[in-house]
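Structural features, examined
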Amino acid sequence: MSVKAVTQMNPGDVRALLSARSRPFSEVVGLPQRGIGPLPTARLIVDKATRDRIVIFDPSLAPYLQRVVRSVDVRPWHSEAPRSLITLTPEWTTATFGAGIDAAQAWERMAERCPPLHQHLAHAAAFHPTDETWWELFIRDIAIFAQPRIIWPVACVAQRFALTEPGWLAGPGTCHAPGSFFLLGVLMSRLAWLALTAECRVGNVYRLLPERVGQLPIPDATDTERAAVESLVQRIVALTRERALLERQFTQRLLKDFGPPGVTPGVHLERWWDLQFDALRSAIATRFGGDIPARFRDQWAAQHADAVTRRVALSETIVLAEDTLNAHVARLYGAGRG
């Protein structure tokens, strides 16, 4: 049966077809889990500048600021972790301030020990009782994050599965499971997404809860078949990372050359590759209040055209690799080509 024919089947028949040569995801790697949370305060997640200030003042705190992937950081095929999670444990509080100290005293001494940390958390202190060590965070099974994890947002409007780097935590709004390039390839395949969305749609979004993803059929594969999928996925991941780097670097050049300190690009400049050069100039003027100086316009026009061309080439290569991957996974499911 062709892939096209499968897409026209009802959800129950799709599930039955994919299950014929498969085992549930939860049997293959275990039941997926929710990401860390809920947090006592969002202030426990810090940007890089805040993390650096804390660690420069007190280097011993570095192990307690761990990179975290939030739902917004999960992209198709790869994830990013621009922020860190403060993971101070009850053991840290006791070891740092003494076993007999109460929460109010510990909070006061934190101001003496590490002012940048105390200053960052001070806003949240007003919302918590003084007799609670609310800044502590107990993470069950934190050791599992030493290995890469498959991660995805609980709620999404499009297919977004990725692999984390070793040591990155799965943050609020995400789910995760033991990771591999083979599993990532299956989860990002057309047929797997069809099976998931048939049962996970709620209004205009998909709720990819652990128990639902845990039921997804994962096809059996020989070592050769698995290696073919893994090789394709590694190539796609590398290409998507290269494209993301290109997007980020050009955006940063726009901000550096035309924006005031601390400004963000806004919705139009964030997608600079969709703009013609005249539209790019208009977006710069609207966002930053000034046009590209006349003497630099030819240079910027050439840079913009080159970046757009490179991005198009990367995107086209990614699409071709994804088509090949979909064909591989379809054969594993017994759906064939088409």
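Everything discussed here concerns the structure shown above.
Below: a short report on this structure. (Residues numbered from 1 in each chain as written. Predicted model: local features only at pLDDT ≥ 70, side-chain atom pairs only at ≥ 80, totals over all residues. Heavy atoms only, no water.)

Details of the packing of aromatic side chains
Just so we agree on the cut-off: Only the six-membered ring of Trp is used, alongside the rings of Phe and Tyr, when aromatic pairs are assigned; centres must lie within 6.5 Å, and planes under 30 degrees apart are stacked while those over 60 apart are edge-to-face, with the rest tilted. Buried, partly exposed and exposed residues are distinguished by accessible area as a fraction of the type maximum, computed with a 1.4 Å probe on protein chains only: under 20%, between the cut-offs, and over 50%, respectively. Helix and strand assignments follow DSSP, with helices taken as H or I runs no shorter than four residues and strands as E runs no shorter than two, numbered in order from the N terminus. By definition, being over a ring means that NZ of Lys or CZ of Arg is both within 6 Å of the ring centre and within 35 degrees of the ring normal.
The final tally for this structure, using the stated rule, is 11 aromatic pairs. Measuring from ring centre to ring centre gives 5.4 Å for Trp92 and Phe97, while their planes differ by 90°; the resulting arrangement is edge-to-face. For the pair Trp92 and Phe97, a shared accessibility class is recorded, and that class is buried. Ring centres 5.1 Å apart and planes at 50° place the aromatic pair Phe258 and Trp300 in the tilted group. On the criterion of sequence distance, the pair formed by Phe258 in helix α11 (residues 223-258) and Trp300 in helix α14 (residues 297-333) is long-range, its members being 42 residues apart. By relative accessible area, Trp300 is classed as buried at 4%. One aromatic cluster is present, formed by Phe250, Phe258, Trp272, Trp273 and Trp300 through successive ring pairs. Taking the ring centre of Phe182 as reference, the NZ or CZ of Arg226 above it sits at 4.1 Å. When the ring centre of Trp273 is taken as origin, the NZ or CZ atom of Arg311, which lies over that ring, is 4.1 Å away.

Side note on the pattern of salt bridges
The line we're drawing: We count a salt bridge whenever a side-chain nitrogen from Lys or Arg sits within 4 Å of a carboxyl oxygen from Asp or Glu.
What the rule picks out here adds up to 15 salt bridges. Between Arg281 and Asp291 there is a salt bridge; the shortest N-O distance is 2.5 Å. Pair noted here: Arg281 is in helix α13 (residues 277-288) and Asp291 is in the loop between α13 and α14, with a separation of 10 residues, a long-range link. Classification of Arg281 as partly exposed rests on a relative accessible area of 21%. Note that Asp291 is salt-bridged to Arg297, the shortest N-O span being 3.1 Å. Each member of the salt-bridge network shares a partner with another, and the members are Arg75, Glu80, Glu247, Arg248 and Arg311.

Focus: the packing of α11 against α14
Short version of the rule: Between N-to-C directions, angles cover 0 to 180 degrees, with each direction set by a line fitted to C-alpha atoms, over the stretch in contact for helices. Angles below 35 degrees are treated as roughly parallel, those above 145 as roughly antiparallel, those between 65 and 115 as roughly perpendicular, and all remaining angles as oblique. Less than a right angle of anticlockwise turn of the near helix away from the far helix marks a crossing as left-handed, whereas a clockwise turn marks it as right-handed. The classification used treats Ala, Val, Leu, Ile, Met, Phe, Trp, Tyr, Cys and Pro as nonpolar, Asp, Glu, Lys and Arg as charged, and all other residues, Gly among them, as polar.
Where α11 contacts α14, the two axes come as close as 9 Å, and the packing angle between them is 160°. In terms of axis orientation, α11 runs roughly antiparallel to α14. In this structure, α11 meets α14 at a crossing whose hand is left-handed. A class-by-class count of the residues in the contact of α11 with α14 yields 17 nonpolar, seven polar and 10 charged.

A closer look at α14
Quick note on the threshold: Any helix carries an expected span of 1.5 Å times its number of residues minus one.
With 37 residues, α14 should reach 54 Å at 1.5 Å per residue; the first-to-last C-alpha distance of 53 Å fits that figure. Looking one or two residues past α14, Gly334 carries a phi angle of roughly 85°, positive in sign.

With respect to the environment of Cys156
Relative to the elements of secondary structure, Cys156 occurs in strand β8 (residues 155-156). On the basis of relative accessible area, Cys156 is assigned to the buried category, the value being 3%. In this structure, the C-alpha to C-alpha distance between Cys156 and Ile236, residues 80 residues apart in sequence, is 21 Å.

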